[in-house]
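Residue-level structural notes
Given next are the chains, with one letter for each unit.
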Amino acid sequence: MGKFFGKWFAFSHVAAGFIAVLVGYSSSAAIVFQAAHAAGASPAEIASWLWALGLGMGVSCIGLSLWSRSPILTAWSTPGAALLATSLVGVPMAQALGAFMFASLLIALVGFTGWFERLMQYVPKSLAAAMLGGILLRFGLELFVQLPKQPVLVASMLIVFLLTRRLLPRYAVAITFVAGLCVAGMQNVLQFDTLHLDLAQPIFVMPVFSLPTMLGVGLPLFIVTMTSQNVPGMAVLRANGYATPASPLVGSTGLLGVILAPFGGFSFNLAAITAAICMSKDADADPTQRYHAAIWAGVFYLITGLLGGAVASLFGAIPHALVLAIAGLALLGTIGNSLAGALAHETERDAALITFLVTASGLVLFGIGSAFWGLVFGLVTAGIGRKQ
């Protein structure tokens, strides 16, 4: 019995899963609210959107991680939500949900046919590591950006992290998070008095398939989700040494989107940033056991989905500086490993460095984010190097 609890209820697994969900929601939940408001959603419909998103991410994290024995984290498409926040204005809700279903159908098609898998075979591991490093760099930098804004809070968290990293490395992130909450409580900046617990009620809306909306909203949502989310998400897996097949992962997230679109589940995809938290040594020193952290993330996603409208008030109660600081600290090891893997091979170093710099720059071209362009520039650089 003790071995069972030690395997499935390890504190480091639970903590990594919780922090991954905390970072995911606090960094982009507001964008989802904006997207729902743009579609004219009522408060009850917004709660239904959060229910669908939480359910989809929870089921996929738990199911795919158990199936693959790898830490598979899924997420909503944050760039997709940002796209919807501007493109759904004036679009009837039923047509918006039809566009969501259309985008998810395309994701499922690309996944299950193996097209995405074949694409990822052409990405060298050094470039995948460089792209991951570029994606996560801003989180590491944000730790020190927040330092002068909240010096006592951030400095105390940094000191606790460095000490526990040496003494209790497996629990360093969790202990640091608790220490941050204690300091924030002493500073009286926690706002838990605004919390309210309400169970979400799913609301079904029959999708309407409008060709202009599918092409104007659904197709861009598909492109943004694949290039800005699934490509980096798969690169994170590869950079951390997991050879899990891409096709069933991407295809399954697309299928979930088809099922949950009528309730507001606008898109599901592989996670990159939050996945890196569950793939770090802080989650487990043994890479084969880190999938338990992803399962716990799925459990917390299910809880946040069920609570629906209470989620916003929960994450709004925690200081933003605390969330950014714990994210930066949780990802320090992953950033270091990514840079080491990216620059390990001298023949690929130029291409990896270009990939890292472009990804970290935040470059956006034609509405597509820097992670995709970092990979493109890196592959072009690698191709030119091979021809010389």
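Everything in this summary refers to the structure shown in the same document. (Residues numbered from 1 in each chain as written. Predicted model: local features only at pLDDT ≥ 70, side-chain atom pairs only at ≥ 80, totals over all residues. Heavy atoms only, no water.)

This part covers the nonpolar core. Ranked by internal contacts, the top residues of the largest apolar core, which has 115 residues, are Trp 49, Leu 73, Leu 88, Phe 100 and Phe 266. The element contributing the most residues to this core is helix 2 (residues 11–38), with twelve residues. Residue contacts for Leu 88: discarding those within four places in its chain leaves Ala 35, Ala 38, Ala 39, Trp 49, Ala 96, Phe 100 and Val 217. Membership of the second largest hydrophobic core comes to five residues, among which are Ala 129, Ala 130, Ala 342 and Phe 356. (Core = buried A, V, L, I, M, F, W, Y, C linked by side-chain atoms within 4.5 Å. Buried < 20%, exposed > 50% of the residue type's maximum accessible area, 1.4 Å probe, protein only. Helix = DSSP H or I, 4+ residues; strand = E, 2+ residues; numbered from the N terminus. Contact = heavy atoms within 4.5 Å.)

A contiguous nonpolar surface patch, about 610 Å² in accessible area, is contributed by Phe 11, Ile 159, Leu 163, Leu 167, Leu 168 and Tyr 171. Within the fold, Leu 168 resides in the loop between helix 8 (151–167) and helix 9 (172–186). (Patch = residues over 30% accessible without salt bridge, like charges linked within 9 Å, V, L, I, M, F, W, Y side chains within 5 Å. Areas by Shrake-Rupley, 256 points an atom, 1.4 Å probe, with all protein chains shown as cover. Salt bridge = Lys/Arg side-chain N within 4 Å of Asp/Glu carboxyl O.)

Now for the packing of helix 7 (residues 125–145) against helix 10 (residues 211–239). Taken N-terminus to C-terminus, the directions of helix 7 and helix 10 make an angle of 115°; their axes are 8 Å apart at the nearest point. In this structure, the crossing between helix 7 and helix 10 has a hand that is left-handed. Residues Ala 128, Ala 129, Met 131, Leu 132 and Ile 135 of helix 7 form the contact with helix 10, whose participating residues are Val 231, Pro 232, Ala 235, Val 236 and Ala 239. (Axes fitted to C-alpha atoms, helices over the stretch in contact; angles between N-to-C directions. Left-handed = near helix turned anticlockwise from the far one by under 90°.)

Let's shift gears to the packing of helix 10 against helix 11 (residues 246–260). Helix 11 packs onto helix 10 with a crossing angle of 140° between their chain directions and a minimal axis gap of 12 Å. For the crossing formed where helix 10 meets helix 11, the hand is right-handed. For the pair helix 10 and helix 11, contact is made by Met 226, Asn 230, Met 234, Leu 237 and Arg 238 and by Ala 246, Leu 249 and Val 250, respectively. Tallied by class, the residues present in the contact of helix 10 with helix 11 amount to six nonpolar, one polar and one charged. (Nonpolar A, V, L, I, M, F, W, Y, C, P; charged D, E, K, R; others polar.)

Bringing the packing of aromatic side chains into the picture now. All chains considered together, the criterion is met by eight aromatic pairs. Summarising the aromatic geometry, the rings of Phe 204 and Phe 263 are spaced 5.6 Å apart at their centres and angled 70° between planes, so their arrangement reads as edge-to-face. On the criterion of sequence distance, the pair formed by Phe 204 in the loop between helix 9 and helix 10 and Phe 263 in the loop between helix 11 and strand 2 (269–270) is long-range, its members being 59 residues apart. Ring centres of Trp 296 and Phe 300 lie 6.1 Å apart, and the angle between their planes is 40°; this geometry places the pair in the tilted category. A residue pair is termed a helical-turn pair when its members lie 3 or 4 positions apart in one helix, as Trp 296 and Phe 300 do in helix 13 (residues 291–307) at four residues. The class for Trp 296 is buried, based on a relative accessible area of 17%. Relative accessible area serves as the criterion here: at 18%, Phe 300 is assigned to the buried category. Among the aromatic side chains, those forming a connected cluster through ring pairs are Phe 18, Phe 177, Trp 296 and Phe 300. (Phe/Tyr/Trp six-rings, centres within 6.5 Å; stacked < 30°, edge-to-face > 60°.)

Moving on: helix 9. Because the α-helix completes a turn every 3.6 residues, residues three or four places apart line up on one side. Over its 15 residues, helix 9 runs 21 Å from end to end, which matches the ideal 21 Å to within 8%, given 1.5 Å per residue. Those residues of helix 9 that fall on the buried side of the exposure criterion are Ala 172, Val 173, Ala 174, Thr 176, Phe 177, Ala 179, Gly 180, Val 183 and Ala 184. The positive-phi residue at the C-terminal boundary of helix 9 is Asn 188, with phi of around 60°. (Expected span 1.5 Å × (residues − 1).)

Here we come to helix 7. The end-to-end C-alpha distance of helix 7 is 30 Å, a good match for the 30 Å that 21 residues give at a rise of 1.5 Å each. The principal kink in helix 7, of about 35°, is found at Leu 136. (Bend = angle between axes of the 7 residues up to and from the residue.)

Moving on, we come to empty space enclosed by the protein. The final tally for this structure, using the stated rule, is three cavities of 30 Å³ or more. Volume-wise, the largest cavity comes out at about 70 Å³. Lining the largest cavity are 13 residues, with Ser 12, Ala 16, Val 173, Asp 282 and Ala 283 positioned closest to its centre. Taken together, the elements giving at least two residues each to the lining of the largest cavity come down to helix 2 and helix 9. Sort the elements by how many residues they give to the lining of the largest cavity and helix 2 lands first, with four residues. The class makeup of the residues in the lining of the largest cavity is nine nonpolar, two polar and two charged. Put simply, the second largest cavity is a space of about 40 Å³. Around the second largest cavity, the lining residues are Glu 45, Ser 48, Trp 49, Met 93, Leu 97, Ile 203, Val 205, Pro 262, Phe 263 and Gly 264. Of all the secondary-structure elements, those providing two or more residues to the lining of the second largest cavity are helix 3 (43–68) and helix 5 (93–112). Looking at which element gives the most residues to the lining of the second largest cavity, the answer is helix 3, with three residues. (1 Å grid on protein atoms, 1.4 Å probe; cavity = no way out; pocket = protein on both sides within 12 Å on 5 of 7 lines; lining within 4 Å. Points joined across faces, edges and corners; volume = space filled by probe spheres on them.)

Nothing here speaks to function; it is geometry throughout.
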